[in-house]
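Observations on chain architecture
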Amino acid sequence: QVQLEESGGGLVRSGESLRLSCVASGRIYSIDAMGWYRQAPGKQRELVALWRSGTGTTYGDSAKGRFTISRDNAKNTVYLEMNSLKPEDTATYSCYVEARVQYGLGSPTGSANWGQGTQVTVSS
């Protein structure tokens with residue numbers, strides 16, 4: 001299992017910025033993908049930004065030009081920098097990680113993991 005700890009959500013005004021953090025922990029052998037999704041009330045979960053090993057980062061349409069993800073590989077951490085926030089960005093933001101875990105000399109096993117989610121609210 002991989003544990004994900006999210007932080008940085010809160011209430012901000014339109015036009016302001018916010019930075020979210022997600023720290024992955026556990027018996028991690030490698031991380032294959034890491035990023036963020038969001039879900040607003042009454043809507044489906046939506047891609048914000050996802051980095052994948054060997055491929056790079058994919059941004060959702062609403063995030064392009066405003067949001068940026070970055071990684072700290074030594075700390076198994078991914079950040080989401082959100083600029084020029086709009087009320088439409090209000091949602092629960094969830095960290096997503098695909099990782100391989102290893103126990104002792106066993107073979108690494110892949111897993112997909114979701115964080116609990118952190119609330120971002122943008123007021124006008």
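Residues numbered from 1 in each chain as written. Predicted model: local features only at pLDDT ≥ 70, side-chain atom pairs only at ≥ 80, totals over all residues. Heavy atoms only, no water.

**So, the environment of W36**
Mapped onto the elements, W36 comes out in strand β4 (residues 28-39). Given the relative accessible area of 0%, W36 is considered buried. For the pair formed by W36 and R13, sequence separation is 23 residues and the distance between their alpha carbons is 21 Å. (Helix = DSSP H or I, 4+ residues; strand = E, 2+ residues; numbered from the N terminus. Buried < 20%, exposed > 50% of the residue type's maximum accessible area, 1.4 Å probe, protein only.)

**Overview of the pattern of salt bridges**
Scanning the model with the defined rule gives seven salt bridges in all. Linking R52 and E98 is a salt bridge whose minimum nitrogen-to-oxygen distance equals 3.0 Å. With R52 in strand β5 (residues 46-52) and E98 in strand β9 (residues 91-101), this residue pair connects regions lying 46 residues apart in the sequence. R52 sits in the partly exposed class, given a relative accessible area of 31%. Across the salt bridge formed by D89 and R66, the nearest N and O atoms sit 2.8 Å from each other. With D89 in the loop between β8 (77-82) and β9 and R66 in the loop between β6 (56-59) and β7 (67-72), the pair connects residues that are 23 residues apart, well separated along the chain. Looking at D89, the relative accessible area reads 1%, which means it is buried. (Salt bridge = Lys/Arg side-chain N within 4 Å of Asp/Glu carboxyl O.)

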